[in-house]
Amino acid sequence: MRGEWFSQARFGMFIHWGVYSIPARGEWVRYVERIPASEYERLAWKFNPRRYDPEEWVGLAQEAGMKYMVLTTRHHDGYSLFDSQVSDFTAAKTAARRDLVEEYVEACRGKGMRIGFYYSLLDWRYRAYFDGPQKDPEGWAKFREYVHAQVRELCTNYGKIDVLWYDGAWPWTPEDWKSAELNAMVRRFQPDILINNRSGLPEDFGTPEQKIEPSSDVNRWWETCMTMNDNWGYSAADRNWKSVQQLVMNLAQCARDGGNYLLNVGPKPNGTIPLPSVRRLREIGRWMRLNGESIYGSERCQQFSSMVGLTTAKSTTAYHHVFRWPGKEATISGVGNKVLSAQLLATRKKVSVEQEEDRVFFKDLPRKAPDPIDSVIKMELDGKPEVAPSFRHIP
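Residues numbered from 1 in each chain as written. Predicted model: local features only at pLDDT ≥ 70, side-chain atom pairs only at ≥ 80, totals over all residues. Heavy atoms only, no water.

A.B. asks: Please explain the side chain of H321 as it appears in this structure.
C.D. replies: Mapped onto the fold, H321 is located in strand β10 (residues 317-322). At 3.0 Å, the side chain of H321 and the side chain of T312 are in polar contact. Only 2.7 Å separates the side chain of H321 from the side chain of D374, close enough to count as a polar contact. Contacts of H321, omitting those with residues within four sequence positions, involve A252, W287, S294, I295, V308, G309, L310, T312, D374, S375 and V376. (Helix = DSSP H or I, 4+ residues; strand = E, 2+ residues; numbered from the N terminus. Polar contact = N/O pair within 3.5 Å; in protein donor to acceptor, adjacent residues only side chain to side chain. Contact = heavy atoms within 4.5 Å.)

A.B. asks: I keep staring at the packing of helix α6 (residues 127-135) against helix α7 (residues 137-156) and nothing clicks. Help me out?
C.D. replies: Packed helix pairs are specified by the crossing angle of their axes together with the interaxial distance, meaning the distance between the axes. For the pair α6 and α7, the least separation of the axes is 7 Å and the interaxial angle reads 120°. With respect to each other, α6 and α7 are oriented oblique. Crossing of α6 over α7 shows left-handed handedness. Contacts between α6 and α7 pair A128, Y129, G132, P133, Q134 and K135 from the former with P137, G139, W140 and F143 from the latter. Broken down by class, the residue content of the contact of α6 with α7 amounts to six nonpolar, three polar and one charged. (Axes fitted to C-alpha atoms, helices over the stretch in contact; angles between N-to-C directions. Parallel < 35°, antiparallel > 145°, perpendicular 65-115°, else oblique. Left-handed = near helix turned anticlockwise from the far one by under 90°. Nonpolar A, V, L, I, M, F, W, Y, C, P; charged D, E, K, R; others polar.)

A.B. asks: Would you mind going over the sheet that holds strand β9 (residues 309-314) with me for this structure?
C.D. replies: Backbone hydrogen bonds hold the strands of a sheet together, and the pairing may be parallel or antiparallel. The four strands are arranged β9-β10-β15-β12 in an open sheet whose pairing can be described as antiparallel. With one partner strand each, in any of the chains shown, β9 and β12 (339-344) form the two edges of the open sheet. Each neighbouring strand pair of the sheet contributes to a mean axis angle of 25°, computed without reference to strand direction. The sheet contact formed by β10 and strand β15 (residues 375-381) spans six bridges and is antiparallel. Counterpart to V322 in the pairing with β15 is S375. Contacting β9 and β10, helix α10 (residues 244-256) runs over the sheet at an angle of about 45° to β9. (Pairing = 2+ DSSP bridges.)

A.B. asks: Where do I start with the nonpolar core in this structure?
C.D. replies: Nonpolar side chains in soluble globular proteins tend to end up buried together. Counting residues in hydrophobic clusters, the biggest one holds 88 residues, and the most contacted among them are M69, Y104 and F117. A total of eight residues in this core trace back to one element, the largest contributor, which is α10. Ignoring anything within four residues of it in the chain, the contact list for Y104 reads I15, Y52, P54, M69, V70, L71, I115, G116 and F117. Within the second largest apolar cluster, 18 residues are counted, among which are F304, V322, V339 and M379. (Core = buried A, V, L, I, M, F, W, Y, C linked by side-chain atoms within 4.5 Å. Buried < 20%, exposed > 50% of the residue type's maximum accessible area, 1.4 Å probe, protein only.)

A.B. asks: It is not clear to me how the side chain of S21 should be interpreted in this structure. Could you clarify?
C.D. replies: Structurally, S21 is set in the loop between β1 (11-15) and α2 (29-32). Its relative accessible area of 0% is what places S21 among the buried residues. Here G18 takes part through its backbone oxygen, which lies 2.7 Å from a polar atom of the side chain of S21. Residue contacts for S21: discarding those within four places in its chain leaves F47, Y234, P267, K268 and P269.

A.B. asks: Help me out: how do you make sense of the pattern of salt bridges in this one?
C.D. replies: Pairing is possible between side chains that carry opposite charge, provided their charged atoms lie close to one another. Taken as a whole, this structure holds 24 salt bridges when the rule is applied. Taking the shortest distance from any N to any O, the salt bridge between D204 and R2 comes out at 2.8 Å. Placement of the pair is D204 in the loop between β5 (194-195) and β6 (205-206) and R2 in the segment before α1 (4-9), with a sequence separation of 202 residues. The salt bridge partner of R198 is E209, with a shortest N-O separation of 3.0 Å. Residue R198 is located in the loop between β5 and β6, and its partner E209 is located in the loop between β6 and β7 (221-226); the two are separated by 11 residues in the primary sequence. Judged by its relative accessible area of 16%, R198 is buried. Given the relative accessible area of 35%, E209 is considered partly exposed. The structure contains a network of salt bridges with shared partners spanning R2, R187, E203 and D204. (Salt bridge = Lys/Arg side-chain N within 4 Å of Asp/Glu carboxyl O.)

A.B. asks: Got a minute to help me understand the pairing of strand β14 (residues 359-363) in this structure?
C.D. replies: Within a regular beta strand, the side chains point alternately toward one face of the sheet and then the other, so they alternate between its two faces. Where strand β11 (residues 330-332) meets β14, three bridges bridge the pair, whose relative direction is antiparallel. Within β14, the residue paired with T331 across the bridge is F361. Of the strand pairs in this sheet, strand β13 (residues 352-356) and β14 are connected by five bridges, and their pairing is antiparallel. Paired with S352 across the bridge in β14 is K363. Taken together, β13 and the strand that follows it, β14, pair antiparallel across an intervening segment of two residues, in which E357 is found at a positive phi of about 55°.

A.B. asks: Looking at this structure, how should I read the packing of aromatic side chains?
C.D. replies: For any pair of aromatic rings, the description consists of the separation of the ring centres together with the inter-plane angle of the planes. A full pass over the atoms with the stated rule returns 31 aromatic pairs. Geometrically, the ring pair formed by W5 and F6 is edge-to-face, given 5.6 Å between the ring centres and 90° between the ring planes. Among the residues examined, F6 registers a relative accessible area of 1% and is labelled buried. One aromatic cluster in this structure is built from Y126, Y129, F130, W140, F143, Y146, W172 and W177. (Phe/Tyr/Trp six-rings, centres within 6.5 Å; stacked < 30°, edge-to-face > 60°.)

A.B. asks: Teacher, can you tell me more about a positive patch on the surface here?
C.D. replies: Residues K328, K349, R367 and K368 make up a contiguous surface patch of positive charge. Within the element layout of this structure, K328 appears in the loop between β10 and β11. (Patch = residues over 30% accessible without salt bridge, like charges linked within 9 Å, V, L, I, M, F, W, Y side chains within 5 Å. Areas by Shrake-Rupley, 256 points an atom, 1.4 Å probe, with all protein chains shown as cover. Lys, Arg positive; Asp, Glu negative; His and termini not counted. Charge placed at Lys NZ, Arg CZ, Asp CG, Glu CD.)

A.B. asks: Help me out: how do you make sense of the environment of M69 in this one?
C.D. replies: Here M69 lies in strand β2 (residues 68-74). Judged by its relative accessible area of 0%, M69 is buried. Along the backbone, M69 and W57 are 12 residues apart, and their C-alpha atoms lie at a distance of 9.4 Å.

This is the structure:
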């Protein structure tokens, strides 16, 4: 089935990188600070990432347990990391003198990593984008032709691509962008590609941002994208880092609801990923090597009641993620199944189970949490997870 890998992956890396990493105040710096084009475009002649090694990026993603990567080939500021024939504001034609996207693709392909391209439809350099198709139809048509040409380049110059991740369609309609025509062209060149919903059309998967919001259609793919701190692009002063436990909890919540977690890094101008991001990814990777079974290929499941964690599931196996270790005994309720057996996933140590109707007691647990991030109890059930009614009087 086309794209089946996506529903198995559950975890990917988002990469926001461009000339905005030089002022180091985030990817919207030009727009928010009203930087004139002439001033902003000079950054391209300073952007020469001598320590850019995409093989290191891919290696880090794989160490974290990620199965695909999505790179910002061009963000809203208009700077292309690739060698575009319809723009001079590119890495290949300014200080870097390199097609940075080509190197990223080669690194991913060489290590067996699924390849994703982010592409912003909007470009702040074009007045026609702000005026829109009604006010300036001729300018808009030329602007849109440039956008379509760049998407064509991305779909024809780099071999097989797995994900096309649009952004920036607002405030214009899919008809204004000719999104249906654009995506039909994409699929001619990349028949197996997955396209997100941000060209204004539903396409293959939804993309809630900075929140975990499952699709209302249980059969539809979705992926939440989140930052590790407050910014997508590199921001030197942003030290509001999420804890590793919070990041793993977000990943488990996405897996519980049948979605993917696209976790962002914002590399520095020299091409290196900030150390706080690296440390967190390596810690997540340590946890994933022992507990990844509870994440990869998870199915949307009904939730048992718990004061200490949440549950993911595959077929007749449920995984209770305990983020607040209760000590020698843990309890879940609302279990409509018979629990046949249980064990600590990371160590395979058997866990004693007692069940009273829909209440399940895990007995004789270690006094301290086996894993300070997330200790997972694996349960074999007599069927797919079913939840007993909760809205009832308890005598």
